[in-house]
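# Close look at the chain arrangement
Now for the letters of each chain:
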Amino acid sequence: MAELVEDEVRLLDLLSLLMVLMGLLTFALLFCIRVPYGRFASSAFGPPVPVRLAWFIQELPSLVVPLYYVSVHPGLPTPALLLMGLFICHYSHRTLIFPFLIRGGKPTPLVPFALAFIFCCYNGYLQGSYLCKHADFPSGWTHDPRFIAGLALFFCGMAINIYSDHILRNLRTPGESGYKIPYGGLFEYVSGANFFGEIVEWSGFAVAGWSAPGAAFAIFTLLCLLSRARQHHQWYLEKFDNYPKSRKILVPFVY
């Protein structure tokens, strides 16, 4: 049994490293191609999947797998339980609320949909297995400045992310098509306000957990969303002559 535990710990370390490498590869690829869904959706990446169905199914493993781990590991230490709660909170919104608020939206090509589903299976296992089976937090970790700061960052980032999505959803009235310039919230300062919020969110998760799996997910999120924010910013500048030139790409006043 001890050998199996050690083997899984090594596997989780390897999967964490692999996730960072995947993030670097994605970052490099997105200099060459535009992420093929949403406004950049292309039939070259497979047949279309209805956008609400795609979001629901692809995010579902990141909700179901952690819920399974929590259910079969009762009596988790408080830090692990709280961190699992943060993860489940995010993906409850992403799976059960966000897809059904989408207005219109282009179908998602099969390839990015399948890749997102596989990633959510991967990450759900990585975070769930680590926190429920292998995490070893010091005594009093919930009072550690890293844990407190991480929670604050997580909830701040989640609020920014949800509010920015709300702004984007309400740019068009029901039945209206086309794209508009977003205003309000952090969109006054950056093109990728929703992406910035999610990066802050998972950075907080990583700080609060202080682990390789959490850090790997935060780095992956940063690398992927940095590329997407850059693409969106360039698209706005190309499409709208009156796009605010003072707006940065992702980080207010910085980048």
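Residues numbered from 1 in each chain as written. Predicted model: local features only at pLDDT ≥ 70, side-chain atom pairs only at ≥ 80, totals over all residues. Heavy atoms only, no water.

- The protein appears in an unreviewed UniProt entry as 3-oxo-5alpha-steroid 4-dehydrogenase (NADP(+)) from Staurois parvus.
- UniProt, in the comment section headed Function (unreviewed entry), describes the protein in these words: "Converts testosterone into 5-alpha-dihydrotestosterone and progesterone or corticosterone into their corresponding 5-alpha-3-oxosteroids. It plays a central role in sexual differentiation and androgen physiology."
- In its Sequence similarities (unreviewed entry) section, the UniProt record describing the protein reads: "Belongs to the steroid 5-alpha reductase family." (UniProt positions renumbered as here; feature names shortened; annotations may be inferred.)

## Comments concerning the packing of aromatic side chains
- For the coordinates displayed, the defined rule picks out 24 aromatic pairs.
- With a centroid separation of 5.9 Å and 45 degrees between ring planes, the pair formed by Phe87 and Phe205 is classed as tilted. With Phe87 in helix H4 (residues 78–101) and Phe205 in helix H7 (residues 193–209), the pair connects residues that are 118 residues apart, well separated along the chain.
- Overall, the relative accessible area of 0% leaves Phe87 in the buried class.
- Through pairs of rings, three or more aromatic residues link up here, namely Phe87, Tyr91, Phe119, Tyr122, Phe154, Phe155, Trp202, Phe205, Phe217 and Phe220.
- Its guanidinium or amino end placed over the ring of Trp210, Arg146 lies 5.0 Å from that ring's centre, counting from NZ or CZ. (Phe/Tyr/Trp six-rings, centres within 6.5 Å; stacked < 30°, edge-to-face > 60°. Helix = DSSP H or I, 4+ residues; strand = E, 2+ residues; numbered from the N terminus. Buried < 20%, exposed > 50% of the residue type's maximum accessible area, 1.4 Å probe, protein only. Lys NZ or Arg CZ within 6 Å of the ring centre and 35° of its normal.)

## What to know about the packing of H7 against helix H8 (residues 212–239)
- Two elements in contact, H7 and H8, have axes separated by 9 Å at closest approach and are oriented at 170 degrees. One way to sum up the angle between H7 and H8 is to call them roughly antiparallel. Counted together, Phe195, Glu198, Ile199, Trp202, Ser203, Phe205 and Ala206 of H7 and Gly214, Ala215, Phe217, Ala218, Thr221, Leu222, Leu225, Arg228, Ala229 and His232 of H8 form the full contact between these two elements.
- Here the residues of the contact of H7 with H8 sort into 11 nonpolar, 4 polar and 2 charged. (Axes fitted to C-alpha atoms, helices over the stretch in contact; angles between N-to-C directions. Parallel < 35°, antiparallel > 145°, perpendicular 65-115°, else oblique. Contact = heavy atoms within 4.5 Å. Nonpolar A, V, L, I, M, F, W, Y, C, P; charged D, E, K, R; others polar.)

## Concerning unusual backbone geometry
- If you check the backbone angles, Trp210 has positive phi at about 50 degrees while not being a glycine.
- Inspection of the secondary structure puts Trp210 in the loop between H7 and H8.
- Its relative accessible area of 54% is what places Trp210 among the exposed residues.
- The phi angle at Phe253 is positive, at roughly 70 degrees, despite the residue not being glycine.
- In this fold, Phe253 is placed in the segment after H8.

## Description of the pattern of salt bridges
- The full count for this structure, using the stated rule, is 5 salt bridges.
- For Arg10, the salt bridge identified is with Asp7, shortest N-O distance 2.4 Å. In this pair, Arg10 and Asp7 both sit in helix H1 (residues 2–29), 3 residues apart, roughly one turn of the helix.
- Each of Arg94, Asp165 and Glu198 takes part in salt bridges that share partners, so that together they form one network. (Salt bridge = Lys/Arg side-chain N within 4 Å of Asp/Glu carboxyl O.)

## Regarding H8
- With 28 residues, H8 should reach 40 Å at 1.5 Å per residue; the first-to-last C-alpha distance of 40 Å fits that figure.
- Where H8 begins, one side-chain oxygen reaches toward the backbone nitrogen of Gly214, 3.2 Å away; that side chain belongs to Ser211. (Expected span 1.5 Å × (residues − 1). Polar contact = N/O pair within 3.5 Å; in protein donor to acceptor, adjacent residues only side chain to side chain.)

## Details of helix H2 (residues 51–59)
- Residues of H2 that are buried: Val51, Ala54, Trp55, Gln58 and Glu59. Each buried residue of H2 lies within a common arc of 105 degrees when the element is viewed along its axis, so the set occupies one face.
- On its buried face, H2 is in contact with strand E1 (48–49), helix H3 (61–72), H4, strand E2 (108–109) and helix H5 (110–134). (Arc of directions from axis to C-beta.)

## Thoughts on the confidence of the model for the protein
- Here the protein shows a mean pLDDT of 93. Residues at 70 or above account for 97%.
- For the protein, H1 is the element with the lowest average pLDDT, namely 91, and H7 is the one with the highest, namely 98. (pLDDT = per-residue confidence, 0-100.)

## Some points on the side chain of Thr95
- Secondary-structure assignment places Thr95 in helix H4.
- A polar contact of 2.7 Å, which involves the side chain of Thr95, links it to the backbone oxygen of Tyr91.
- Look past the residues within four positions of Thr95 in its chain and what remains in contact with it is Phe56, Glu59, Leu60, Leu63 and Phe100.

## A few points about a nonpolar patch on the surface
- A contiguous nonpolar surface patch, about 530 Å² in accessible area, is contributed by Leu11, Leu14, Leu17, Leu18, Leu21 and Leu24.
- Note on placement: Leu18 falls in helix H1.
- Leu18 gets classed as partly exposed once you look at its relative accessible area, which sits at 40%. (Patch = residues over 30% accessible without salt bridge, like charges linked within 9 Å, V, L, I, M, F, W, Y side chains within 5 Å. Areas by Shrake-Rupley, 256 points an atom, 1.4 Å probe, with all protein chains shown as cover.)

## Brief notes about the side chain of Ser191
- Residue placement: Ser191 occurs in the loop between helix H6 (145–169) and H7.
- By relative accessible area, which is 3% here, Ser191 ends up buried.
- Separated by 2.6 Å, the side chains of Ser191 and His233 make a polar contact.
- Ignoring sequence-local partners within four residues, the contact set of Ser191 consists of His233, Tyr236, Tyr243, Lys248 and Ile249.

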